[in-house]
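Below, each chain spelled out in residue letters.
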Amino acid sequence: MITLSRTDQSVFGRWWWTVDRWTLAAVALLMGFGVVLVQAASPAVAERIGLDNFHFVQRHVLTLLPALAIMVGVSLMEPRGIRRTALIVFLAALALVALTPLVGFEIKGARRWIHVPGISIQPSEFVKPAFAVVAAWLFTLQKTTDHIPGGAISIALYLLVVMLLMLQPDLGMTFVISAVWFGQFFLAGLPIVLVAALVAMGALGLMGAYLMFPHVTSRVDRFLDPAAGDNYQVNRSLEAFQNGGLFGTGPGQGTVKMSLPDAHADFIFSVAGEEFGLIWCLVLVALFAFVVLRGFSRAMRDENLFVMLAVAGLLMQFGLQAIINMGSSLHLIPTKGMTLPFISYGGSSMLALGFGMGMLLALTRKRFGAGDAP
Amino acid sequence: MTGMVPTAGFGLPVRVAPRPNRAVHALEQGRARLSVAMAAFGMAFVGISLGLVNATVLRQSAEPDIAQAAPARTLQASRADIVDRNGVVLATSLVTQSLYADPKLVINPVEAAEKLTAALTDLDYGDVLQKLKADKRFVWIKRNLSPRESYIVNRLGIPGVAFQREERRVYPQGSLAAHVVGFTGVDNNGLMGIEQSFDKELRGSTEAVNLSLDVRLQHIMRRELKGAVEEFSAIGGAGMIFDIRTGEILSMVSLPDFDPHDPVGLDENTRFNRNTLGVYEMGSTFKIFNSALAFETGRITPTSHFDASRPIQVGRYTISDYHGKNRVLSVAEVFQYSSNIGSVRMVLEAGVPAQRALLTKLGLTSKPTLEIPEVGAPMVPNPWREINAMTISFGHGLSVSPLQVVTATAAVVNGGIMRHPTILKRNEAEPMSGERVVSPATSMLMRKMMRLVVTEGTAGGAKAEGYVVGGKTGTAEKITGRGYNAKARMSSFVGAFPINDPRYVILVILDEPKGIARTGGYATGGAAAAPLGGRVIRQVAPLLGLTPVDENRPDIRQALDITAPPPRSSLLASH
């Protein structure tokens, strides 16, 4: 470890002494877990679909490094820079999302991906953290200025984002963005009557999804009545946890990865449960909880409304994604394909997470004279 | 609080007064609400942790942690046995293990092949290695291992090599009753004999099918028949023993036969059941039915006589005698000397419709019923003219199966009641059914005539001291191409014993026997078939529970004597 003097005034020196090193350490640990688990889970998947055994492992590590770079790079910025970067990324990503129905390619019935020479990216992943920051900014403007209708702009942007995502369609992303946006709106002082109204609308939205999309219908039905249909993935996942028990079968000894198609992504937590057991899984849950709850508590102490809302938004997004992934694997909620942050294989998701976490770290840095308004 | 915020981020001038209050209020409210969100997330993470604990260590799923000991797979096979009348197993199913490999899972094919060929010495190393290296997911290594072999291979613990439970049909008696029992295909479905006709009953059943066959008699019949076939260089043979009272077939042998374990590639001749599927012109044995026909008219007695002094000319055919006496013969003599000319004269006396009616009643003109699929239909002349009647009288022009001959002979000698033949053991409690086909008087006369053929005639070789055999031989020229072939003959003997109270009918046939020195170059029914019949009777009669009697006992002699003295011959009166 490089030793840095307390009085070091270089950019990196100031960063080191002001950044939340505990969160940084937790994220680094998560990334480490991710590398181990992708190594455990992905060779079986790669072999099944006829790729080189370490195809996913190599790509995972290769995306981890830029993600790490993005995270650190972004975390060097000041809140003002974050705001602007988020706005730019948001607009650019949203434009790409708008383009995907036209130039994107289809995977499993949805157009979410576009080709950039070299890699394929899923622009909606970048919309997620960027929109959280932009929305926080707009809500803050609503509270601090009279001449900019931040709330109205926020609502308008939200509707635009949802519309574009439903075109793909991407229900999971829509759900997370909606939940985060609503959470931020709630924190920004949405009257309690409207909170109730929006909760009701959200419930209606979910009901609508249940009624309109056959695959949602089937998943919810299967969750509510396990005997009704094919719960193959969830059953295999639960078997994996049971098989793992307290201490796990040992790295590489699991069998669930042989039969789950998304063992390296959506069901990586099952592989963790089988091969590393309850204890390590609890450590994993604790790491996620630590990042989220520590971030919340720092946000709570912050004097800047924008920082508080942005940090809360980014953390809700991060936490929600983790909870949905782990809850699906444990059959606590209906199956929803969602990556486990920093653990699962997934290029765009990893880069977007690095971006989001970078913004979080930047915003939670110790600032002197922290009350500055946007 | 540096107080440096007179402008907002966009550098626009704003009113200062209300703003800090609103912002501070918003911050306070945000903090309060953030604690709600924090609590919600905290609870979610606790929920996940509890779910984890439940899923990993608490959950009792449908599947227990420790597999329950699977109940030992029953050794009960899924196809029932076939047994003989005494319960001796003729066909049974064994549960076996077959060895296969998934080459993808075999880690070291060379080592695995070495171990396997060391354990199963009949396997070829190169062959096994090639199989284990194949780009497949399934290869058979060896089918139907013995329990010991599967134990040894199991102990080797080679990855990728496993067992498949199979069932194998086993015939402990080998080819002994192959034509009757039949065999099964690779999927254990019956393809011949009882295996085929009782396929449904045998499948999934544990109740054995009980045949009427007796393996002891079957063995004797097969051994003797095989010996005769070899001695006379015959191309085949057939033999049956029939229970007159019940209609049960106690023995049925057809040669050549085959190993039912390996029926692949058998030619038709080997699989052919000569007793039931083959139909032949039986020759002189048919004179049994012709004589019965004559007696049934009521006008002809054993002492009636017919002119056999010269051959009969019908169109371009000449009917002559083989053992020609060239004189007037009594009915008894016609039978005894097997006179064709006499037989023709007798049927002309009885009439064509009467002949046809009797042969039909005796079941010789329609396909018999038996519990195996291989039953042949007789070749009946149509139209049935006088010329047909004339040739049929001495056993030509009507082809029937040996089964039909046996059944009809039994009806003629048993007092005149036709019993349906069966290959299944009969339930003794079941009442016997049967139709009268000839009168008891005719039957009695026929017994005497048949006894005469053994004591004085062509079937002397069939004599079995103590068992009072009566019978009739036959030597029929086979039709090859467009005409009869004097060198290709069917030599047969049909007999009943003890003829004073008939219990069993025996029929033996040799197909194309060649004359040998011991018989003076003859291979006729009398020279080849009758002695064979005698040998069989001498061996099976004790097993059938028959007590030998003194054949010269006055009461027996009296019962079998042709009572009325013949006019021109002292032969029949004396002895």
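Residues numbered from 1 in each chain as written. Chains lettered and ligands numbered in written order. Predicted model: local features only at pLDDT ≥ 70, side-chain atom pairs only at ≥ 80, totals over all residues. Heavy atoms only, no water.

Caption draft 1: The overall build of chain A, seen in detail. A tally of helices and strands in chain A yields 14 helices and three strands. Considering chain A as a whole, with its 374 residues, one finds that 55% of them fall into the buried category. Residue pairs at least 24 apart in sequence account for 71% of intrachain contacts in chain A once pairs closer than 6 positions are excluded. Of the roughly 15500 Å² that chain A leaves accessible, carbon and sulfur atoms contribute 69%. (Helix = DSSP H or I, 4+ residues; strand = E, 2+ residues; numbered from the N terminus. Buried < 20%, exposed > 50% of the residue type's maximum accessible area, 1.4 Å probe, protein only. Contact = heavy atoms within 4.5 Å. Areas by Shrake-Rupley, 256 points an atom, 1.4 Å probe, with all protein chains shown as cover.)

Caption draft 2: Layout of the overall build of chain B. Summing up its helical and strand segments, chain B has 18 helices and 18 strands in all. Counting across all 575 residues of chain B, residues that qualify as buried make up 53%. Contacts in chain B between residues far apart in sequence, at least 24 positions, make up 70% of those at least 6 positions apart. Approximately 26200 Å² of chain B is accessible, and the part contributed by carbon and sulfur atoms is 53%.

Caption draft 3: How the structure looks around the packing of aromatic side chains. This structure, assessed with the given rule, holds 19 aromatic pairs over all chains. Judged by centre distance (6.3 Å) and plane angle (40°), the ring pair of Phe139(A) and Trp181(A) falls under tilted. Of this pair, Phe139(A) sits in helix H5 (residues 123-144) while Trp181(A) sits in helix H7 (residues 171-187), and the two are 42 residues apart along the sequence. The pair Phe139(A) / Trp181(A) is uniform in exposure class, with both members buried. An angle of 20° between the planes, with centres 4.7 Å apart, marks the rings of Tyr100(B) and Phe138(B) as stacked. Of this pair, Tyr100(B) sits in strand E2 (residues 89-101) while Phe138(B) sits in the loop between helix H3 (125-133) and strand E3 (139-145), placing them 38 residues apart in sequence. The exposure class of Phe138(B) is partly exposed, given its relative accessible area of 38%. Ring pairing ties together the aromatic residues Phe139(A), Tyr158(A), Trp181(A) and Phe185(A), which thus form one cluster. The residue whose ring lies beneath Arg21(A) is Trp16(A), and the NZ or CZ to ring-centre distance is 5.5 Å. (Phe/Tyr/Trp six-rings, centres within 6.5 Å; stacked < 30°, edge-to-face > 60°. Lys NZ or Arg CZ within 6 Å of the ring centre and 35° of its normal.)

Caption draft 4: Structural view of the pattern of salt bridges. Residue and element names in this part refer to chain B. Taken as a whole and judged by the stated rule, the model has 30 salt bridges over all chains. Among the salt bridges present, the one from Asp199 reaches Arg203, with a minimum N-O distance of 3.2 Å. Under the relative-accessibility criterion, Asp199 is labelled buried at 14%. Asp511 serves as the salt-bridge partner of Arg274, at 2.6 Å between the closest nitrogen and oxygen. Pair noted here: Arg274 is in the loop between helix H9 (268-271) and strand E8 (280-281) and Asp511 is in strand E18 (residues 504-511), with a separation of 237 residues, a long-range link. On the basis of relative accessible area, Arg274 is assigned to the buried category, the value being 5%. One network of salt bridges, with partners in common, ties together Arg79, Arg169, Glu195, Asp199 and Arg203. (Salt bridge = Lys/Arg side-chain N within 4 Å of Asp/Glu carboxyl O.)

Caption draft 5: Highlighting the interface of chain A and chain B. The interface is formed by 53 residues belonging to chain A together with 40 residues belonging to chain B. Summed over both partners, the interface of chain A with chain B buries about 4100 Å², with 72% contributed by carbon and sulfur atoms. Interface area lost by chain A to chain B is led by Gln242(A), Met300(A) and Ile323(A), which between them contribute 16%. Our count for the contact surface shared by chain A and chain B stands at one salt bridge. Viewed at the interface, chain B and chain A are joined by six residue pairs in polar contact (both at pLDDT 80 or more). Looking at the side of chain A that touches chain B, the elements that each hand over two or more residues are H5, H7, helix H8 (192-212), helix H10 (232-244), helix H12 (268-301) and helix H13 (305-329) of chain A. Element by element, the count of residues in the side of chain A that touches chain B is highest for H12(A), at 14 residues. Its residues assigned to classes, the side of chain A that touches chain B comprises 36 nonpolar, 11 polar and six charged. (Buried area = accessible area lost by both parts, 1.4 Å probe. Polar contact = N/O pair within 3.5 Å; in protein donor to acceptor, adjacent residues only side chain to side chain. Nonpolar A, V, L, I, M, F, W, Y, C, P; charged D, E, K, R; others polar.)

Caption draft 6: Molecular detail of a nonpolar patch on the surface. Among the surface-exposed residues, Leu246(A), Phe247(A), Ile279(A), Trp280(A), Val283(A), Val57(B) and Leu58(B) lie close enough to one another that they form a single nonpolar patch of about 660 Å² accessible area. Breaking the nonpolar patch down by element, the ones donating at least two residues are H12 of chain A together with helix H1 (18-58) of chain B. Sort the elements by how many residues they give to the nonpolar patch and H12(A) lands first, with three residues. Along the chain, Val57(B) turns up in helix H1. Accessibility expressed as a relative area gives 37% for Val57(B), which makes it partly exposed. (Patch = residues over 30% accessible without salt bridge, like charges linked within 9 Å, V, L, I, M, F, W, Y side chains within 5 Å.)

Caption draft 7: Up close: the packing of helix H4 (residues 79-103) of chain A against H5(A). All names here are of chain A. With their axes 8 Å apart at the nearest point, H4 and H5 run at an angle of 140° to one another. For the element pair H4 / H5, the angle class is oblique. The chirality of how H4 crosses H5 is left-handed. Touching Ile82, Arg83, Ala86, Leu87, Val89, Phe90, Ala93, Leu94, Leu96, Val97 and Thr100 of H4 are Pro123, Ser124, Phe126, Val127, Ala130, Phe131, Val133, Val134 and Trp137, all from H5. Class assignment of the residues belonging to the contact of H4 with H5 gives a composition of 17 nonpolar, two polar and one charged. (Axes fitted to C-alpha atoms, helices over the stretch in contact; angles between N-to-C directions. Parallel < 35°, antiparallel > 145°, perpendicular 65-115°, else oblique. Left-handed = near helix turned anticlockwise from the far one by under 90°.)

Caption draft 8: A look at H4(A). Along its 25 residues, H4(A) runs 34 Å from first to last C-alpha, staying within 8% of the 36 Å computed at 1.5 Å per residue. Restricting attention to buried positions, one finds in H4(A) the residues Pro79(A), Ile82(A), Arg83(A), Thr85(A), Ala86(A), Phe90(A), Ala93(A), Leu94(A), Val97(A) and Thr100(A). (Expected span 1.5 Å × (residues − 1).)

Caption draft 9: Representation of the nonpolar core in the model. Residue and element names in this part refer to chain B. Core analysis: the biggest nonpolar cluster contains 133 residues, and Ile194, Leu211, Phe289, Leu362 and Phe497 have the highest contact counts within it. Here this core spans two domains, since at least three of its residues come from each of domain 1 (73-102 + 135-211) and domain 2 (218-559). Not counting residues within four places of it along the chain, the set of residues in contact with Ile194 comprises Ile82, Val180, Val181, Asp199, Leu202, Val209, Leu211, Glu371, Ile372, Ile423 and Leu424. (Core = buried A, V, L, I, M, F, W, Y, C linked by side-chain atoms within 4.5 Å. Domains from an automatic or database assignment.)

Caption draft 10: Structural context of the packing of H4(A) against helix H6 (residues 150-167) of chain A. All names here are of chain A. Between H4 and H6, the least distance of the axes is 9 Å, while the angle of their chain directions is 35°. Note that H4 runs across H6; the crossing there is left-handed. For the pair H4 and H6, contact is made by Phe90, Leu94, Val97, Ala98 and Pro101 and by Leu157, Leu160, Val161, Leu164, Leu165 and Leu167, respectively. Looking at the contact of H4 with H6, its residues break down into 11 nonpolar, no polar and no charged.

Caption draft 11: A look at the sheet that holds strand E6 (residues 236-243) of chain B. Residues and elements named next belong to chain B. Taken in spatial order, the five strands line up as E7-E6-E18-E17-E16 in an open sheet, and their pairing is antiparallel. Strands at the two margins of the open sheet, each flanked by one partner only, are strand E7 (249-255) and strand E16 (470-480). Across the sheet, the mean angle from the axis of one strand to that of its neighbour is 10°, orientation sign disregarded. Note that E6 and E18 share eight bridges and pair antiparallel. Residue pairing for E18: Gly239 is matched across the bridge by Val508. Sitting on the sheet, helix H15 (residues 402-413) touches E6, E7, strand E17 (483-497) and E18, and the angle it makes with E18 is about 145°. Here helix H17 (residues 525-543) sits on the sheet and contacts E6, E16, E17 and E18; the angle it forms with E17, its principal contact strand, is near 25°. (Pairing = 2+ DSSP bridges.)

Caption draft 12: Here's a closer look at the environment of Glu207(B). Residues and elements named next belong to chain B. Examined against the element boundaries, Glu207 turns out to sit in the loop between helix H7 (199-202) and strand E5 (209-210). The exposed category is assigned to Glu207, whose relative accessible area is 65%. Separated by 125 residues in the primary sequence, Glu207 and Ile82 have C-alpha atoms spaced 8.9 Å apart.

Caption draft 13: Spotlight on the side chain of Thr339(A). All names here are of chain A. As for its placement among the helices and strands, Thr339 is situated in the loop between H13 and helix H14 (347-363). For Thr339, a relative accessible area of 14% translates into the label buried. Only 3.0 Å separates the side chain of Thr339 from the side chain of Gln321, close enough to count as a polar contact. Looking at Thr339, its side chain comes within polar contact range of the side chain of Ser349, at 3.3 Å. Setting aside residues no more than four positions away along its own chain, Thr339 makes contact with Asp266, Gln321, Asn325, Ser344, Tyr345 and Ser349.

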